[in-house]
Amino acid sequence: MTDDPARLKRRANALVAFTATAVLVGAVLGWMLPGWLPEDAESRRLTLLVIGFPGELLMGMLKMMVVPLVVATMVVGIASLGDIRKAGKIGYRTIAYYAVTTGMSVLTGIILVNIIQPGVGGTDLAPVGGELPQSLMQPKGALESLLQVVKGMFPPNLLQAGVEMNVLGLIVFSVVLGAVLSTMGERGRPVLKFFDSFNEAIMKIVHLIVWYAPIGIASLLMARMGNAGEAFFTEEIPRLAKYMTTVIVGLGIHVVITLPLIYWLFKKGNPFKYLLGMAQALLTAFSTASSSATLPITLECARNNNKISERTSGFVLPLGATINMDGTALYEAVAVIFIAQSLGIDLTLGQMVVVFFTATLAAIGAAGIPEAGLVMMAIVLTAVGIDPREAGLILAVDWFLDRFRTMVNVAGDAIGAGVVDHLEQRDAPALAAAA
Ligand code: ASP
């Protein structure tokens with residue numbers, strides 16, 4: 001019944017309209033909210049708690065799905081690739097796409113921030129409120145951060161990896177489990193069958209969550225904007241307007257020009273239609289500021305609206321939510337160069353190259369959770385000799401830009417799934433003939 005294409009299309013359209021309205025309503029009410037909130041701190045806190053409550057529920061529902069979804073989709077996805085040559089191919093294609101697009105994104109940021117020069121001359125270096133994350137107070141170098149990412153791939157305790165939402169660790173385990181099960185023939189089949197139906201059940205739950213998502217989305221936006229207070233709109237935005245514009249224009253170029261071009265070059269299809277199919281995932285990314293929490297909806301949109309195969313989406317999207325962050329990479333580069341400009345530090349070409357590589361590394365290492373990019377910025381700042389505490393300059397608007405970059409992170413994963421799936425489908429007949 002649900003497979004009827006016309007019905008599926010109506011359902012997808014209704015969801016997008018419902019979600020877009022929620023974002024609009026949430027943003028407008030959230031913008032007005034600081035003026036309406038009670039003066040008294042305790043009543044203010046309670047009001048925001050109630051307004052944000054439906055959003056907290058949505059976050060809980062989405063996060064609840066992540067661990068079972070990552071394990072089940074990965075095991076089934078890898079096992080269904082069967083032929084190990086094919087498994088290798090999808091792996092290197094995905095990694096190549098991720099590496100190239102992240103690099104292009106950082107490059108866009110570096111070029112733009114050098115043209116616009118948002119930090120030269122006009123930034124008021126007034127100290128901002130809020131507390132800096134620990135990692136910026138006691139930063140780790142690039143080498144240590146890299147080693148930590150690799151260490152996270154082999155979590156000593158799987159349950160703990162689940163508790164800490166160490167998605168990369170779960171992915172490594174699930175890939176190996178799926179690959180091993182597929183070599184076990186009959187003996188491996190019952191376990192694979194279990195994961196297969198488990199996977200389907202989880203996706204059915206996601207099917208239900210997507211209808212609640214718009215309510216949670218409006219609530220999340222209202223509570224977050226109400227929390228920001230009036231000073232955010234009247235002081236912080238004007239003070240950092242040029243910097244914010246640079247980041248948002250850079251992200252816009254990446255998502256409206258670069259990624260669609262790549263999609264079109266490979267697939268020759270309409271990239272905007274494809275992105276429209278991902279609309280609910282993109283809006284959820286905007287509202288939750290977390291690619292990991294958005295993952296269930298990303299998978300749902302890719303499979304249902306864009307007809308990406310289960311095995312490609314099951315491999316490319318969970319991996320992308322963890323290591324492919326085009327938006328974060330661009331943001332790291334722009335932020336660090338902006339901070340240098342504001343401090344009157346002239347970065348050499350060599351230092352720009354260092355920014356390029358460390359911003360990429362920071363994006364790979366950043367977890368798919370809110371404001372992880374700010375935490376990772378210590379790597380890039382220390383690499384060019386700037387005290388990480390200088391990140392305080394951009395702290396006040398980080399939560400806001402986080403939404404835009406997370407949306408681009410998810411768009412990058414989605415286009416990746418489209419490109420890789422196309423290449424996989426193209427090879428399918430050839431492999432079948434060779435078998
Ligand atoms: N919030 C981003 C994400 O989940 C990471 C970041 O802070 O840049 O994709």
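About the criteria used
Residues numbered from 1 in each chain as written. Predicted model: local features only at pLDDT ≥ 70, side-chain atom pairs only at ≥ 80, totals over all residues. Heavy atoms only, no water. Near = heavy atom within 4 Å. Polar contact = N/O pair within 3.5 Å; in protein donor to acceptor, adjacent residues only side chain to side chain. Helix = DSSP H or I, 4+ residues; strand = E, 2+ residues; numbered from the N terminus. Nonpolar A, V, L, I, M, F, W, Y, C, P; charged D, E, K, R; others polar. Expected span 1.5 Å × (residues − 1). Buried < 20%, exposed > 50% of the residue type's maximum accessible area, 1.4 Å probe, protein only. Salt bridge = Lys/Arg side-chain N within 4 Å of Asp/Glu carboxyl O. Phe/Tyr/Trp six-rings, centres within 6.5 Å; stacked < 30°, edge-to-face > 60°. Lys NZ or Arg CZ within 6 Å of the ring centre and 35° of its normal. Axes fitted to C-alpha atoms, helices over the stretch in contact; angles between N-to-C directions. Parallel < 35°, antiparallel > 145°, perpendicular 65-115°, else oblique. Left-handed = near helix turned anticlockwise from the far one by under 90°. Contact = heavy atoms within 4.5 Å.

Undergrad: Looking at this structure, I do not really get the site of the ligand. What am I missing?
TA: Surrounding the ligand, one finds 16 residues, the nearest of these being Ser-291, Thr-328, Gly-373, Asp-402 and Arg-405. Ile-369 is positioned such that a nitrogen or oxygen atom in its backbone is 3.0 Å from a nitrogen atom of the ligand. At the level of elements, helix H17 (372-383) and helix H18 (392-434) are the ones that each hand at least two residues to the shell around the ligand. Broken down by class, the residue content of the shell around the ligand amounts to six nonpolar, seven polar and three charged.

Undergrad: Explain helix H14 (residues 310-323) here, please?
TA: Counting along an α-helix, one turn takes 3.6 residues, and residues three or four places apart therefore face a common direction. Compared with an ideal rise of 1.5 Å per residue, which puts 14 residues at 20 Å, H14 spans 20 Å between its outermost C-alpha atoms and is within 8% of the ideal. In terms of residue burial, H14 counts as a mostly covered element, since 12 of its 14 residues are buried. Of the residues making up H14, those classed as buried are Thr-312, Ser-313, Gly-314, Phe-315, Val-316, Leu-317, Pro-318, Leu-319, Gly-320, Ala-321, Thr-322 and Ile-323.

Undergrad: Can you help me understand the pattern of salt bridges in this one?
TA: It is possible for side chains of opposite charge to pair when their charged atoms get near one another. Summed over all chains, the structure comprises 11 salt bridges. As a salt-bridge pair, Arg-93 and Asp-427 come within 2.8 Å of each other at their nearest N and O atoms. Here Arg-93, found in helix H3 (residues 84-116), pairs with Asp-427, found in helix H18; they are 334 residues apart in sequence, far enough to count as distant. By relative accessible area, which is 12% here, Arg-93 ends up buried.

Undergrad: Just to check I follow, could you spell out the packing of aromatic side chains for this structure?
TA: In this description, a pair of aromatic rings is defined by centroid distance and the angle of the planes. Summed over the entire model, instances satisfying the criterion amount to 12 aromatic pairs. Their ring planes at 80° and their centres at 5.2 Å tell us that Phe-286 and Phe-404 sit as a pair that is edge-to-face. A residue pair is termed long-range when its members are at least 10 positions apart, and Phe-286 in helix H12 (residues 279-288) and Phe-404 in helix H18 qualify at 118 residues. Residue classification places Phe-286 among the buried residues on the basis of a relative accessible area of 15%. Among the aromatic side chains, those forming a connected cluster through ring pairs are Phe-232, Phe-233, Phe-286, Trp-399, Phe-400 and Phe-404. Positioned above the aromatic ring of Tyr-331 is the side chain of Arg-405, whose terminal nitrogen or guanidinium carbon lies 3.9 Å from the ring centre.

Undergrad: Just checking my understanding: could you explain the packing of helix H2 (residues 41-81) against helix H13 (residues 291-304) for this structure?
TA: Angle between the axes and distance between the axes are the two parameters that describe a pair of packed helices. It is at 7 Å that the axes of H2 and H13 come closest, and there the two elements cross at 65°. Relative to H13, H2 is oriented roughly perpendicular. As H2 packs across H13, the resulting crossing turns out to be left-handed. Taken together, the residues of H13 that come into contact with H2 (itself represented by Met-59, Leu-62, Lys-63, Met-65, Val-66, Leu-69, Val-70 and Thr-73) are Ser-292, Ala-293, Leu-295, Pro-296, Ile-297, Leu-299 and Arg-303. Here the contact of H2 with H13 is composed, by residue class, of 11 nonpolar, two polar and two charged.

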